[in-house]
Amino acid sequence: MYNQNKMKLFFIVVSSAFLAVLIFTPYGFPLVFVFLVPYFIFLIQENSVIKLFLGSFLFKLIYWLVLTYFILDPLPYLWLVAIFLALPAGIIVLKRVIRSAGYLLLLTFVSVGYSIVDYLAVKYSLIPAFIGYLGVALGNGYFLGLAKYGGLFGLGLFAALINGVLAFFILEYIDFYRRSIKIRRFADVKNFIFAVIFALFILFLGIFISQWGIADRKKEYVSLNNSFKAAIISVDYDFDGGFYPSPRYFSLEQIAFIENFIAKKISVLEEQLKNKHFDLVVLPEALLDVELSDSADAKALTDFKISNNDVLIREFSGLAKRLKTPLLANFVTIREKNRYNSAVFFGVGGEILGIYDKNILVYGGEYWPFGNWHPFYYDIFRSRLSPRLPVFNSKYAYTPGSSDKIFNLARGARFGVLICLESQIPDRVATLERAGVNFLINPSSNNWIKIGLENYLFMSLNLRRIMAVSSNKPIIISGRRDYAGIIFPDGRVEIADFKTPLNLAIYEGEIRF
């Protein structure tokens, strides 16, 4: 084997990690087919166990630090990287067991192994990390339709295999030209010529299969006979001015102010929706970020044991009743002293029809496994963090939901809810797909992202498009600092931007079922 300078290979690994970051930008998706090539060559050429582990550690650490710069806790990064180190461990074992293993065998192992290990790392990470899986980069290009056949993992495997073929070409090319002219043979040339042809063949075949899949999804969707009309709302951060009373006792004057504030914001929304007919109104996660304890609505307490936020319940109930339209809202509910991130479904009469509680909670933001202890660096950044974090006070910890809730519209359509980052978890989408829903609703809030929101929304939209194509279900998206709209099963996206003079966006669209 060609024995290149080890130090150069080591720095190539670092450059590969930074190159990886570009694949998650709007125009960087072609790089998904080449960014792994330097790292793959490093795995093949390097024989030092220490350097293989150290190089892989640096590669993934830089990769995740740059992609998820908004996460302050190092533990999630280290956990992701620790799982990923199974890849260099595997290549070390393979080299020891099959000492004469050629490029083809090693690169096949590396390509498939990377896809599997990287997927397992994001699946079992402490934070929802699927947004950083390499297949996400293909969510807005010619290869999106491959998600119909292999989902997110299939897209990642496809990209890794192309990288593997190109790495094979480069290694064969280097080996060929390092030989003297006298001993070069056509048999030596054919390997890297074959690699180029094979890579191009796979790419064009991938495009063909993808477009076939998209056309098939579109045909299936258009053939559906029933439909309903939805009003989907998103808001900017300034819609409520960051107004969020925390769960504590208030004076009568303060309560009156809060009630008046909420009523004014609901009236702004109602003004945009009145005199129109809809079959469903969808509100974003925490449209009004209010949380009042010990303020129970009598009927909600009796029927659903909700002991808080009577003001929000009354306003959302009244809005559904006045619009004569079912309404899905999201807010904190406290039931039997447990705190939930809940999607609450109101009927046309203002009654609560059902509740879904978020199943998958976010480490640090929604639950904290270490009780009252937290690392020192949280105190350093405390002024920049929300005061309502379980890291600082356990009363803000959420309880995970224990089951899925399927809701029904009067027209017969069935839907499930994925709150915030749950829409980025393939298993959650697949669970609702198996439950027989006709469409999915994803209320979210991105208020926690201070820098880089635009790029995050691009990545998030890519991932949700993949979910829509793979599940064959339309996804309604609604959020704070997120788009309002629909992602269709053929990957089409129809959205309204939340950045408006009213800090409010309303998308009016039709969903078939």
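Note that the structure is a prediction, hence the values are computed from the model and not measured.

About the cut-offs
Each chain carries its own residue numbering, running from 1 in the written order of its sequence. Since the coordinates come from a predicted model, pLDDT governs what is reported: local features require at least 70, and pairs of side-chain atoms require 80 or more to be given and counted, while whole-chain, interface and lining totals use all residues. Side-chain descriptors were evaluated using all non-hydrogen atoms of the structure, hydrogens and water having been removed beforehand. In this analysis a 1.4 Å probe is tested at points of a 1 Å grid over the protein atoms alone, and where it fits but cannot get out there is a cavity; an open set with protein on both sides within 12 Å along at least five of seven lines is a pocket; lining residues have an atom within 4 Å of a point. Grid points are joined across faces, edges and corners, and a volume is the space filled by probe spheres set on the points. Helix numbering and strand numbering both begin at the N terminus, where a helix is a DSSP run of H or I of at least 4 residues and a strand a DSSP run of E of at least 2. For this scheme, ten residues count as nonpolar: Ala, Val, Leu, Ile, Met, Phe, Trp, Tyr, Cys and Pro. Four count as charged, namely Asp, Glu, Lys and Arg, and the remainder, Gly too, count as polar. Note on definitions: a residue-residue contact is assigned when non-hydrogen atoms from the two residues lie within 4.5 Å. For each residue, the accessible area found with a 1.4 Å probe, counting protein chains only, is set against the maximum for its type, and the residue is called buried under 20%, exposed over 50%, and partly exposed in between. Whenever two N or O atoms come within 3.5 Å, that pair is a polar contact, provided that in protein one can donate a hydrogen and the other can accept it, and provided that, for residues adjacent in sequence, both atoms are side-chain atoms. What makes a salt bridge here is a side-chain nitrogen of Lys or Arg within 4 Å of a carboxyl oxygen of Asp or Glu, nothing more. Structural elements are reduced to axes, namely lines fitted to C-alpha atoms, with helices fitted over the stretch in contact, and the angle between N-to-C directions of any two is expressed from 0 to 180 degrees. By definition in this entry, angles of less than 35 degrees are roughly parallel, angles greater than 145 are roughly antiparallel, angles of 65 to 115 are roughly perpendicular, and the rest are oblique. Helix crossings get a hand from a simple test, with the near helix turned counterclockwise from the far one by less than a right angle marking a left-handed crossing and a clockwise turn marking a right-handed one. Stacked, tilted and edge-to-face pairs are distinguished by plane angle, under 30 degrees for stacked and over 60 for edge-to-face with tilted covering the rest, among Phe, Tyr and Trp rings (Trp via its six-membered ring) whose centres lie within 6.5 Å. Remark: a charge is flagged as sitting over a ring if the NZ atom of Lys or the CZ atom of Arg is within 6 Å of the ring centre and within 35 degrees of the ring normal.

*Asks:* Could you clarify how one ought to interpret empty space enclosed by the protein in this entry?
*Replies:* Gaps left between atoms are located by rolling a probe of water-molecule size over the structure's atoms. Counting across every chain of the model gives one cavity of 30 Å³ or more. Reported here for the largest cavity is a volume of approximately 50 Å³. Of all the secondary-structure elements, those providing two or more residues to the lining of the largest cavity are strand S8 (439-445) and helix H14 (453-471). Per element, the largest residue contribution to the lining of the largest cavity is three residues, and it comes from H14. When grouped by side-chain class, the residues that make up the lining of the largest cavity number three nonpolar, six polar and two charged.

*Asks:* Teacher, can you tell me more about the environment of Ile-214 here?
*Replies:* For Ile-214, the position within the fold is in helix H8 (residues 186-222). When the C-alpha positions of Ile-214 and Gly-139 are compared, they lie 12 Å apart, and in sequence the two are 75 residues distant. Once residues lying within four places of it in the same chain are set aside, the contact partners of Ile-214 are Leu-144, Gly-145, Val-469 and Asp-490.

*Asks:* Looking at this structure, I do not really get the side chain of Asp-240. What am I missing?
*Replies:* Here Asp-240 lies in the loop between strand S1 (227-235) and helix H9 (252-273). Asp-240 gets classed as buried once you look at its relative accessible area, which sits at 3%. At 3.3 Å, the side chain of Asp-240 forms a polar contact with the backbone nitrogen of Asp-289. With near-sequence residues (within four places) excluded, Asp-240 lies in contact with Phe-261, Lys-265, Leu-287, Leu-288, Asp-289 and Arg-480.

*Asks:* Can you walk me through unusual backbone geometry in this structure?
*Replies:* When glycine is set aside, most residues are seen to have a negative phi, and most peptide bonds are trans. Unlike most non-glycine residues, Ala-286 shows phi in positive territory, near 50°. Looking at the secondary structure, you find Ala-286 in the loop between strand S2 (280-285) and helix H10 (298-304). Given a relative accessible area of 15%, Ala-286 falls into the buried group.

*Asks:* Please clarify how the layout of surface pockets should be interpreted in this entry.
*Replies:* Taken as a whole, the largest pocket spans an internal volume of roughly 1400 Å³. Taken together, 50 residues line the largest pocket, and the ones lying closest to its centre are Gly-365, Ser-386, Leu-389, Asn-447 and Trp-448. Those elements giving two or more residues to the lining of the largest pocket turn out to be strand S3 (327-335) and strand S4 (338-346). A class-by-class count of the residues in the lining of the largest pocket yields 28 nonpolar, ten polar and twelve charged. Approximately 230 Å³ is the volume attributed to the second largest pocket.

*Asks:* Could you clarify how one ought to interpret the pattern of salt bridges in this entry?
*Replies:* Pairs can form between side chains of opposite charge whenever their charged atoms are close. As enumerated under the stated definition, the model contains 24 salt bridges in all. Lys-299 is paired through a salt bridge with Asp-303; the nearest N and O atoms lie 2.9 Å apart. Placement of the pair is Lys-299 and Asp-303 together in helix H10, with a separation of four residues, close to one helical turn. Judged by its relative accessible area of 53%, Lys-299 falls in the exposed class. Ionic pairing is found between Arg-314 and Asp-310, a salt bridge with its closest N-O pair at 3.9 Å.

*Asks:* Could you clarify how one ought to interpret the packing of helix H4 (residues 74-84) against helix H5 (residues 86-97) in this entry?
*Replies:* A pair of packed helices is characterised by two quantities: the angle between their axes and the separation of those axes. In contact at an axis separation of 5 Å, H4 and H5 are set at 20° when each is read in the N-to-C sense. The orientation of H4 with respect to H5, classified from their angle, is roughly parallel. On H5, the residues that touch Ala-82, Ile-83 and Phe-84 of H4 are Ala-86, Leu-87 and Pro-88.

*Asks:* How should I be thinking about the packing of helix H2 (residues 37-45) against H5 in this particular structure?
*Replies:* At a minimum axis distance of 10 Å, the contact between H2 and H5 shows a crossing angle of 40°. When the axis of H2 is compared with that of H5, the two are oblique. The crossing of H2 and H5 is right-handed. Seen from H2, the contacting residues are Tyr-39, Leu-43, Ile-44 and Gln-45; seen from H5, they are Leu-87, Pro-88, Ile-91 and Lys-95. Looking at side-chain class alone, the contact of H2 with H5 contains six nonpolar, one polar and one charged residues.

*Asks:* How do you make sense of the packing of aromatic side chains when you look at a structure like this?
*Replies:* Any pair of aromatic rings gets described here by the distance separating the centres and the angle formed by the planes. What the rule picks out here adds up to 36 aromatic pairs. Centroid distance Phe-59 to Phe-84: 6.3 Å. Interplanar angle 40°. Geometry classified as tilted. A residue pair is termed long-range when its members are at least 10 positions apart, and Phe-59 in helix H3 (residues 49-67) and Phe-84 in helix H4 qualify at 25 residues. Overall, Phe-59 belongs to the buried group, its relative accessible area being 0%. Residue class for Phe-84 comes out buried when judged on its relative accessible area of 0%. An aromatic cluster is present here, built from Phe-24, Tyr-39, Phe-40, Phe-42, Phe-59, Tyr-63, Trp-64, Phe-84 and Tyr-114 joined pairwise through their rings. Positioned above the aromatic ring of Tyr-63 is the side chain of Lys-60, whose terminal nitrogen or guanidinium carbon lies 3.7 Å from the ring centre.

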